[in-house]
Structure formats: structure tokens, C-alpha cells
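# Structural features, examined
Here are the chains, one letter per residue:
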Amino acid sequence: MTKEDFQKVILQGIPEELPIAKSWDTTVNHAPKRKQILTLDEKRLAIKNALRYFPIKHHAVLADEFAQELKEYGRIYMYRFRPDYKIYARNINDFPHKSVQAASIMLMLSNNLDYAVAQHPHELITYGGNGAAFQNWAQYLITMKYLAEMTDEQTLVLYSGHPMGLFPSHKDAPRVVVTNGMMIPNYSSKDDWERYNALGVTQYGQMTAGSFMYIGPQGIVHGTTITVMNAGRMHMKAGETNLRGKIFVSSGLGGMSGAQPKAAVIAGMIGVFAEVNAKALHTRHSQGWVDEVFENLDEMMLRIKKAVANREGVSLAYHGNIVDLWERFVKEDIHIDLGSDQTSLHNPFAGGYYPAGLSFDESVKMMAENPSLFKDKVYESLRRHVKAINAMVAKGMYFFDYGNAFLLESSRAGADILKPNGDFKYPSYVQDIMGPLFFDYGFGPFRWVCTSSDPKDLEVTDRIAAEVLEEIAINAPKEIANQLQDNIHWIKEASQNKLVVGSQARILYADAEGRIKIAEAFNNAIKEGKVSAPIVLGRDHHDVSGTDSPYRETSNIYDGSRYTADMAIQNVIGDSFRGATWVSIHNGGGVGWGEVINGGFGMTLDGSADADRRLKMMLLWDVNNGIARRSWARNEGAIFAIQREMERTPLLKVTIPNIADDDIVNKVING
């Protein structure tokens, strides 16, 4: 398809005549069938809801087709309307547009549905088993049409993937405002998601899936790398200087978990992972993210022992169940240094967790046809899973929850995961590592995408970012020296690690000073022609300010406020009027629907003075909102960081806590 033909198809939106029905593609990794949860009346409503997108003349044909999809898959995806063109992050100028900002959003959402990036592309699911960019293909087509037609005096409003419409605004307003899964609190259970998603009225946007900011597994590689590195450093023995020969064991090779093997190798460790889905495993192996694959545990154990003896940095994957792998380690005389889990336990009964004792295909069938039995199998497997981990911890392994609701769901399964006082036996990685070392100091996952889709532009930005961080490091206080040096090393090695999958993107952890100075340098490079096209800035929602999640991002908040969501809501509102190109706020993400509120932004830099003004205003708020909240929670690093920022920014005035003496408090309570 030529560029001109591609642009014509985008501008038509919903085609006037019905396209030919699509055949089922067995080469694509499809979403599992969802359980049948709707009543007969609700099924009628779901079909009526879906038909709203199409001319009445097509309703008879489509009603029957949508009823079949609902019966077969538990959802109406509108497969017939999946485009014939390849969806990927093209050069920004290939997208038809009147607004450069809108074109940059078209590029970003296209990357989320790229076959090389998305977990279940035909079901518009980017990662995490149910993290969707849109609910159906009609929403995608209309959204692309609106983005192509809109100007910088309009804002597109997206309700859980549904393009509600273009509304008049102004050039400093966001071009797109996204909400995903925003429910009345009493209607936010897992079954509520199943029901209302099947009705076509809400969706689970995960974090960067529904906000069009996913950059493939690279987005989590860096965070996983620094998590594993710092976990390893915390448990080094006297005289050890690196992590060579140490073993990190976890599960999953999907959209997010697929980052683990690459991260382990970058950290210099032996990474051992289990994956039940052969297609997911093959994808990561073919991309070079997994070094070696094993079908046999006997052979794998021998290979692990050899890797330890040779102090290798290597990633090894077992095609099988993680429970079987853990139970084998209990029997073997192999010391495991670090353990975690990245099964999608935010979604345990609909494809996020595959129980031991069942094959992948058996699980897929049971979760759709007998969901109550499948739930029992999941909980039985989790009890075995935790028992094996407990045995390995007793042998000296350090285990941490990696924010996937492993601890939470295991407790619901009745596993031996709680202390006598009701707390979890094991920490969240944010509690022990990311929170005190990074988030409290304002360091989080800052990312950018070169909209030229040219690797040469990415090389230029890597070099610029490294230079900026090196300059900052010269006079940086000791409290953040290690964070800066780790990220300088990361960005200098990034191209060699072959991290790009999909868009020409990069990520590093930076604080407000680093983000602002890097962004300012990028904007100048575009202005001077050193970078050939605009750059999109963003971040993972998993950041200093963007997410209220009591078992992950805010798990190291100890003043009782970790179950509140003021920070995430304030953040997205503040970003929206300080210059963000688009903003999003979601229910769910990482640990699950009803368990977290998270938000994000995108900002398009075009080399203009307006872009320079916006980036300085918005990025300062986007980081320091979270530091201020963490400071008020009495987090020592955050108090240091916000006081330092107030010295640098005279207009910033933050309320600093006065620390109460425990003796005084205990005296009045205990008498």
C-alpha cells in the first residue's frame, strides 16, 4: 500500500461498504477466550452498543457476526474491520494530519498495536493479558480519522477507547484526554471488568497500553535492570564487587515480563525464567532477548550449574510452568540469589496465570468453559508456588514482589504468605529498592520517541542525554550520585544492548532536573536541525507521581495514605494545564483493576519556543508533585529532594512535615 493509499484509508474512518470478513490468523498470539458473564438481556445490550458505530444498512449482517464473536470470544472485537495495512510507528509525516501534535499521537498508538510490540494485536491488547489500546476496531478507525482531521484548536476525548468526539479548545490544551476504566468504586471488582468490558462500555488500559506510551519491553528493561542490580548489591557478600555467577529466577516472557532475561544479562547475572506460552517464548528467543531455551528440566539444571561455574551473564528459559521450576530448585543443590515473579496476577483467572498441572491449551479451555474450577486450580497452584518459594528463602534466597499482585493474590489463595501480624512475608520491590533509592529522590522512567522513526536520530538523542547527565553529575549531591552514574552507564550502552522493538525509543531514570535539561537539549537539537523530526516525551505511569498503588508504587508510604489516590488525580489535572500534548488517567494497571489509579502524559517537542515553555513548566510539576507527597509521608529521601528543589525553584513552596517524637506519642497512647 502506498503512502497516499494509506492516508486515504485513515481519512475514511469507518468504511461506507463492509470490508471482506477476516480469516482467523493462527500465526498471531491471540487473547484467551473470556468467560461468559453476560445475561441474555446484557448480550442484547452489548450487540446494540456495538452496532452504534455503523450505518443501519449493515446492522443485520453485523448483528449476527457480533453475536458470534460474543459467544466465541466473550467480547466483540469487530475483527472484520481490522485494517489491511501494517500498523507500526511510521515516520510522522506518513500520517495524514493538520496538527503535528495529533500526528505524533497517531504514531504512538500505532506502535502499541505493532505485531512486534503488542501481545494480542488482533484483540487490540498491548500487554499484560488485557491491557488494551481500544476495545474494538471501530474505535481505532474513528480515532485515527479524528486525529487526522483535528487542528491545534481542538481536543479529542477518549472514554475507555471510545472516541467521544472533537471539542473546541486552544493550542495550550491537550490534544487528547484519555480515561480508562474509571468506575464508581463499588463497581470495580474483577467480574465488573468482565461484565462492563463485554458490554463495550469500559476497558482495562493497563498503564501505557491505553495511554499510547508503550515502547515495547525496553520500557521495563531499564527498571528491571536497576531493580535487579540494586537487589543484588544489597545482598552482596564481603569482598564481592559484581553479580557474576549469581542467579535470578522469575516467570513470564510476555509483554512486560519479557524484559527480565535482557535485564539479567545486562546486570551480569544468570537469568532463569519459565514461560508456558510457546508463542511468547519463541518471540523473545527470536528477538534475541532470551539466549537459550529448554524443554527438559534435567538439561536445564546441568546448564545452570555450568553457567555458575563459568560466572556467565546468560538468560535461560524453560518452556513450562514456573511452579515446576521452583519445585525442582527445592530438590536441587543450587543456590538461588534473587527470586521474583512476573505472571500477570492482576488478571489471574483470564490468562494472567496458568496453573501447574494443566497444559497451556487445557488452561485456555478451562478458563472459558469452567471458570470456577479454573479459579480453584489457580489458587491450588499459588499455594504450591509460595510453598516452594518459602523453601528457597529458607535456603538464603532474597525474594521480592515485582508489582504484579503476586503477594496479594497468593494471600487470597490461602498460601503461606503472611506474617502473624497480617503483613506480607516479602517486600514489594518498591518498598525495599525503587521507593527509597529512586522515587523518593524524584528518579523515574523518563522516555522519548523519535518521530522520524530513524535510528540515526535516536543515536543523536542518546548522545545528548549522556552529555546532559554527565554535566549534572559533576555537582550532584552524594545522595543521588549512584543513580546518575547507573543511568549514564545505561544510556551509553543502550544501543549495544539492542533494546529497540517497534518505535525508535529510549528510556532512562532521571529526576526533574535531568528530565527538564534533557528535554530542553532535545528541543534545541530539533530547532537546530540536529534531529530531523519532533520528539515525543513521556514516562511510564510507574513513576514518582503518576500512580497511587498501595502494593506497588506507593507501598513505601507509611503515613496511612497509601490507599488514597489524590496524587495521581492531581498529577493528571496539573499536567493537562501545564502543557502536556495528551494526558490519561486509568483505573487498574500492574496490580489490577480496582487496586490502583494511575496516569500519564505525552509531550511533543517541535523545536519551538512554546515547546520549551511547556516542558519546563510541566516536567517540574510532574515529578515534584510526587516528591512533595512522599515528603509529607515523612520519607527521608523525599524531604531532602523537595527541599533541594525549593532552593533551585523560588516559586515552589511545599509544606514540610515536623517529625513527632515516638516517645511523646507512645506516652499519650499507652498511658
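Heads up: these notes are all about the structure in this document.

Reading guide: rules and limits
Residues numbered from 1 in each chain as written. Predicted model: local features only at pLDDT ≥ 70, side-chain atom pairs only at ≥ 80, totals over all residues. Heavy atoms only, no water. Helix = DSSP H or I, 4+ residues; strand = E, 2+ residues; numbered from the N terminus. Contact = heavy atoms within 4.5 Å. Lys, Arg positive; Asp, Glu negative; His and termini not counted. Charge placed at Lys NZ, Arg CZ, Asp CG, Glu CD. Axes fitted to C-alpha atoms, helices over the stretch in contact; angles between N-to-C directions. Parallel < 35°, antiparallel > 145°, perpendicular 65-115°, else oblique. Left-handed = near helix turned anticlockwise from the far one by under 90°. Core = buried A, V, L, I, M, F, W, Y, C linked by side-chain atoms within 4.5 Å. Buried < 20%, exposed > 50% of the residue type's maximum accessible area, 1.4 Å probe, protein only. Salt bridge = Lys/Arg side-chain N within 4 Å of Asp/Glu carboxyl O. Phe/Tyr/Trp six-rings, centres within 6.5 Å; stacked < 30°, edge-to-face > 60°. Lys NZ or Arg CZ within 6 Å of the ring centre and 35° of its normal. Pairing = 2+ DSSP bridges. Nonpolar A, V, L, I, M, F, W, Y, C, P; charged D, E, K, R; others polar. Polar contact = N/O pair within 3.5 Å; in protein donor to acceptor, adjacent residues only side chain to side chain. Expected span 1.5 Å × (residues − 1). Bend = angle between axes of the 7 residues up to and from the residue.

## What to know about the overall build of the chain
- Helix and strand content of the chain: 22 helices and 17 strands.
- Based on the C-alpha atoms only, the size of the chain along its principal axes is roughly 75 × 60 × 60 Å.
- Pairs at least 24 apart in sequence give 72% of the contacts found in the chain among residues at least 6 apart.
- In the chain, 71 positive and 79 negative side-chain charges are present, and the distance between their average locations comes to 1 Å.

## Quick look at the packing of helix H11 (residues 322–331) against helix H13 (residues 371–394)
- Two elements in contact, H11 and H13, have axes separated by 9 Å at closest approach and are oriented at 30°. Looking at the two axes, H11 sits roughly parallel to H13. Where H11 crosses over H13, the handedness of that crossing is left-handed. From H11, Ile322, Val323, Asp324, Trp326, Glu327, Phe329 and Val330 reach across to H13, where they touch Ser381, Arg384, His385, Ala388, Ile389, Ala391 and Met392.

## Comments concerning the nonpolar core
- Grouped together as the largest cluster of nonpolar side chains are 147 residues, with contacts concentrated most on Tyr140, Phe212, Trp448, Leu508 and Leu537.
- Residues Ile322, Phe329, Phe406 and Leu408 belong to the second largest nonpolar core, which totals 49 residues.

## A closer look at the pattern of salt bridges
- Counted according to the given criterion, the structure contains 45 salt bridges.
- The shortest N-O distance in the salt bridge between Asp486 and Arg233 comes to 2.9 Å. One end of the pair, Asp486, is in helix H17 (residues 481–493); the other, Arg233, is in helix H7 (residues 218–234), with 253 residues separating them in the sequence.
- Judged by relative accessible area, Arg233 falls into the partly exposed class, the value being 36%.

## Observations concerning the packing of aromatic side chains
- The final tally for this structure, using the stated rule, is 30 aromatic pairs.
- The interplanar angle of 50° and the centroid separation of 5.8 Å between the aromatic rings of Phe54 and Phe66 together place this pair among those described as tilted. Within this pair, whereas Phe54 is found in the loop between helix H2 (40–51) and helix H3 (59–73), its partner Phe66 is found in helix H3, the two being separated by twelve residues in sequence.
- With centroids separated by 5.5 Å and ring planes inclined at 80°, the aromatic side chains of Tyr73 and Tyr79 adopt a geometry described as edge-to-face. Accessibility assignment for this pair places Tyr73 and Tyr79 in one class, buried.
- Taken together, Phe248, Phe273, Tyr398, Phe400, Tyr402 and Tyr429 form an aromatic cluster joined through their ring pairs.
- A cation over an aromatic ring shows up here: Lys262 above the ring of Trp289, its NZ or CZ 5.4 Å from the ring centre.

## Looking at unusual backbone geometry
- The backbone of Gln206 sits at a positive phi, close to 50°, despite the residue not being glycine.
- Inspection of the secondary structure puts Gln206 in the loop between helix H6 (190–199) and H7.
- With a relative accessible area of 3%, Gln206 lands in the buried category.
- Positive phi, normally seen in glycine, also occurs at Arg311, with a value near 55°.
- Of note, Arg311 is situated in the loop between helix H10 (297–310) and strand E9 (314–319).
- Residue class for Arg311 comes out partly exposed when judged on its relative accessible area of 46%.

## Considerations on the pairing of strand E7 (residues 270–275)
- Where burial is concerned, most of E7 is hidden: six out of the six residues are buried.
- Going residue by residue along E7, you find Ile270, Val272 and Ala274 tucked away on one face and Gly271, Phe273 and Glu275 tucked away on the opposite face as well.
- In the sheet, E7 pairs with E9 via six bridges, with the strands oriented parallel. Bridging from a neighbouring strand, Ala274 pairs with Tyr318 of E9.

## So, the packing of H2 against H3
- Closest axis-to-axis distance for the H2/H3 pair is 10 Å, and the angle between their directions is 130°. Judged by the angle between their axes, H2 and H3 are oblique. For the pair H2 and H3, the crossing hand works out as right-handed. Listed contacts from H3 to Lys43, Ala46, Ile47, Ala50 and Leu51 of H2 are His59, Leu62, Ala63, Phe66, Ala67 and Leu70.
- Its residues assigned to classes, the contact of H2 with H3 shows nine nonpolar, one polar and one charged.

## A look at the pairing of strand E4 (residues 162–168)
- Two strands pair when backbone bridges link them, and strand E3 (residues 154–159) and E4 are joined in this way by six bridges, in the antiparallel orientation. Looking at the pairing, Val157 lines up with Gly165 of E4.
- Once E3 ends, the chain turns through two residues before running back antiparallel as E4, passing Ser160 with a positive phi of about 45°.

## Regarding the environment of Trp593
- By the element assignment, Trp593 lies in the loop between strand E16 (582–587) and strand E17 (597–605).
- Judged by its relative accessible area of 5%, Trp593 falls in the buried class.
- It is 7.3 Å that separates the C-alpha atoms of Trp593 and Trp193, two residues lying 400 residues apart in sequence.
- Of note is the side chain of Trp593, whose polar atom sits 3.3 Å from the backbone oxygen of Ser188.
- Only 3.1 Å separates the side chain of Trp593 from the backbone oxygen of Ser189, close enough to count as a polar contact.

## Considering the side chain of Asn321
- Position of Asn321 relative to the elements: it lies in the loop between E9 and H11.
- Owing to a relative accessible area of 7%, Asn321 belongs among the buried residues under this scheme.
- Polar contacts involving the side chain of Asn321 include one to the main-chain carbonyl oxygen of Tyr354, which spans 2.8 Å.
- Those residues in contact with Asn321 that sit more than four places away from it in its chain are Ala274, Val276, Tyr354, Pro355 and Ala356.

## Comments concerning the side chain of Thr227
- The topology assignment puts Thr227 in helix H7.
- Classification of Thr227 by relative accessible area gives buried; the value is 1%.

## A look at helix H20 (residues 609–632)
- Along its 24 residues, H20 runs 35 Å from first to last C-alpha, staying within 8% of the 34 Å computed at 1.5 Å per residue.
- Helix geometry: H20 is bent most strongly at Asn624, by close to 25°.
- Burial analysis of H20 places 17 of its 24 residues in the buried class, the great majority of the element.
- Two residues or fewer after H20 comes Arg634, characterised by a positive phi angle close to 75°.

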